[in-house]
Amino acid sequence: MSKALTRTDFEFKGQKSVYHGKVRDVYNINDELMVMVATDRISAFDVILPKGIPFKGQVLNQIAAKFLDATADICPNWKLATPDPMVTVGLKCEGFKVEMIIRGYLTGSAWREYKDGCRELCGVKLPEGMKENQKFPQPIITPTTKADEGHDENISKEEIISRGIVSKEDYELMEKYTRALFARGTEIAASKGLILVDTKYEFGKKDGKVYLIDEIHTPDSSRYFYAEGYKEKFEKGEPQKQLSKEFVRQWLIEHNFMGKEGQQVPEMTESYVDSVSDRYIELYQGIVGEKFVKEQAEDIAARIEKNVKNWLENNK
């Protein structure tokens, strides 16, 4: 079985702190740069699952790098370089405490709420009579608070501004960027025979300027349907063939796990872990439209440490 990187503990020159997120480990270099390592950890329902997925970090990092480059004309982003297939180095920004979620279709958690009678999501009114996986007349933005621990919570634009979480001016700029990024992502997906269903973006500020930060358009932060067969499946009320992490969530739901208290994560067998790894590689090839090249995985941590130290040394 291939190795998976589930934890890092690097010491880089100028390192001030490290933050271990659900999936990424972020190193602060001199309060100027961020070294973001996409580990092979996998999370669902805000819970980190017990086993890592080989090549998942490489898949996510390389997809995000390509989309950051492909959208740099729309808004400034934090990325400076990818010194390793699992690492992005970029500008350290002060992150806003909200995530901008944009939905083109009624699916996932939004559908679950709609089915239970909800007709307003994050202050956005939803039309009556919609079906699962139906396209919205216009994409809707449903922000959430960004929780340091536990679950993110839905919140409306009005509440974000009135509570002073983000200023009106910054929020409206983030909203404008979110719509433009989603439109570009939709175009790119369509060229690969895919539908970008929904996604999330994170933004931060540096020297008074708003930047797109973190990763974009990966299967961890986005949902894709295959365009072929979408209409027929929708009309028959059948599940859509999709490229996203939803297949992991569905597996957990089938095994009675949704991150609630008292629930146990089902056993992740070696064959299941390998099947998830294969799905992530399939996701990469579908989304990027290129063959995935597996990076050497003998000692992943040593490789990353060497590549990052070299980059930092050469870019003082």
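Above: the structure in question.
Here the structure is a predicted model, which means the values were calculated and not measured.

A.B. asks: Account for the overall build of the chain, with residues named and values stated.
C.D. replies: Regarding its fold elements, the chain presents 8 helices and 17 strands. Relative to a compact globule of 316 residues, whose C-alpha radius of gyration would be 20 Å, the chain shows 19 Å and is just as compact. Each of the three principal axes of the chain carries a C-alpha extent, and together these read 60 × 50 × 45 Å. Evaluated residue by residue, the chain yields a buried proportion of 51% over its 316 residues. Summarising the internal contacts of the chain: among those between residues at least 6 apart in sequence, 64% fall at separations of at least 24. Accessible surface, the chain as shown: approximately 15300 Å² in total, 47% of it carbon and sulfur.

A.B. asks: Could you give an account of the pattern of salt bridges, with specific residues and numbers?
C.D. replies: Within the structure shown, the criterion is met by 27 salt bridges. The partner of arginine 119 in a salt bridge is glutamate 128, with the nearest N and O atoms 3.1 Å apart. For glutamate 128, a relative accessible area of 60% corresponds to the exposed category. Put simply, Glu99, Lys146, Lys200, Glu202 and Asp214 are held in one network by salt bridges that share partners.

A.B. asks: So what about the sheet that holds strand 2 (residues 24-29)? Which residues, and what values?
C.D. replies: Pairing is antiparallel in the open sheet, where 5 strands are placed in the order 1-2-3-7-6. Each edge of the open sheet is held by one strand with a lone partner, namely strand 1 (15-20) and strand 6 (79-84). The sheet shows a mean angle of 20° between the axes of neighbouring strands, taken without regard to direction. Direction of pairing for strand 3 (residues 33-38) relative to strand 7 (residues 87-91): antiparallel, over a ladder of 5 bridges.

A.B. asks: Please set out the nonpolar core residue by residue, giving values where relevant.
C.D. replies: In this structure, Phe203 and Tyr280 are the most contacted members of the largest nonpolar core, which totals 60 residues. Elements supplying a minimum of two residues to this core: strand 3, helix 1 (56-70), strand 9 (98-105), helix 4 (168-191), strand 14 (194-206), strand 15 (209-213), helix 6 (246-254) and helix 7 (270-288). Considering every element that reaches this core, the biggest residue donor is helix 7, with 9 residues. Listed in part, the 18 residues of the second largest apolar core include Ile29, Ala81, Ile300 and Val308.

A.B. asks: Outline the layout of surface pockets, supporting the account with residue identities and numerical values.
C.D. replies: Computed from the structure, the second largest pocket encloses a volume of approximately 370 Å³. If you go around the second largest pocket, you meet 20 residues; those closest to its centre are Glu132, Asn133, Pro239, Gln242 and Gln250. Going through the elements one at a time, helix 2 (108-115), strand 16 (222-226) and helix 6 are the ones with two or more residues in the lining of the second largest pocket. Of all the elements, helix 2 adds the most residues to the lining of the second largest pocket, at 4 residues. Looking at the lining of the second largest pocket, its residues break down into 5 nonpolar, 7 polar and 8 charged.

A.B. asks: Would you mind going over the packing of helix 1 against helix 7 in detail, with residue names and values included?
C.D. replies: Contact pair helix 1 / helix 7: the axes reach a minimum separation of 9 Å and the direction vectors enclose 15°. Judged on the interaxial angle alone, helix 7 and helix 1 are roughly parallel. Relative to helix 7, the crossing made by helix 1 is left-handed. In this structure, helix 1 contributes Lys56, Val59, Leu60, Gln62, Ile63, Lys66 and Phe67 to the contact, and helix 7 contributes Tyr280, Ile281, Tyr284, Ile287 and Val288.

About the cut-offs
- Residues numbered from 1 in each chain as written.
- Predicted model: local features only at pLDDT ≥ 70, side-chain atom pairs only at ≥ 80, totals over all residues.
- Heavy atoms only, no water.
- Helix = DSSP H or I, 4+ residues; strand = E, 2+ residues; numbered from the N terminus.
- Rg over C-alpha atoms; globule rule 2.2 N^0.38 Å.
- Buried < 20%, exposed > 50% of the residue type's maximum accessible area, 1.4 Å probe, protein only.
- Contact = heavy atoms within 4.5 Å.
- Areas by Shrake-Rupley, 256 points an atom, 1.4 Å probe, with all protein chains shown as cover.
- Salt bridge = Lys/Arg side-chain N within 4 Å of Asp/Glu carboxyl O.
- Pairing = 2+ DSSP bridges.
- Axes fitted to C-alpha atoms, helices over the stretch in contact; angles between N-to-C directions.
- Core = buried A, V, L, I, M, F, W, Y, C linked by side-chain atoms within 4.5 Å.
- 1 Å grid on protein atoms, 1.4 Å probe; cavity = no way out; pocket = protein on both sides within 12 Å on 5 of 7 lines; lining within 4 Å.
- Points joined across faces, edges and corners; volume = space filled by probe spheres on them.
- Nonpolar A, V, L, I, M, F, W, Y, C, P; charged D, E, K, R; others polar.
- Parallel < 35°, antiparallel > 145°, perpendicular 65-115°, else oblique.
- Left-handed = near helix turned anticlockwise from the far one by under 90°.

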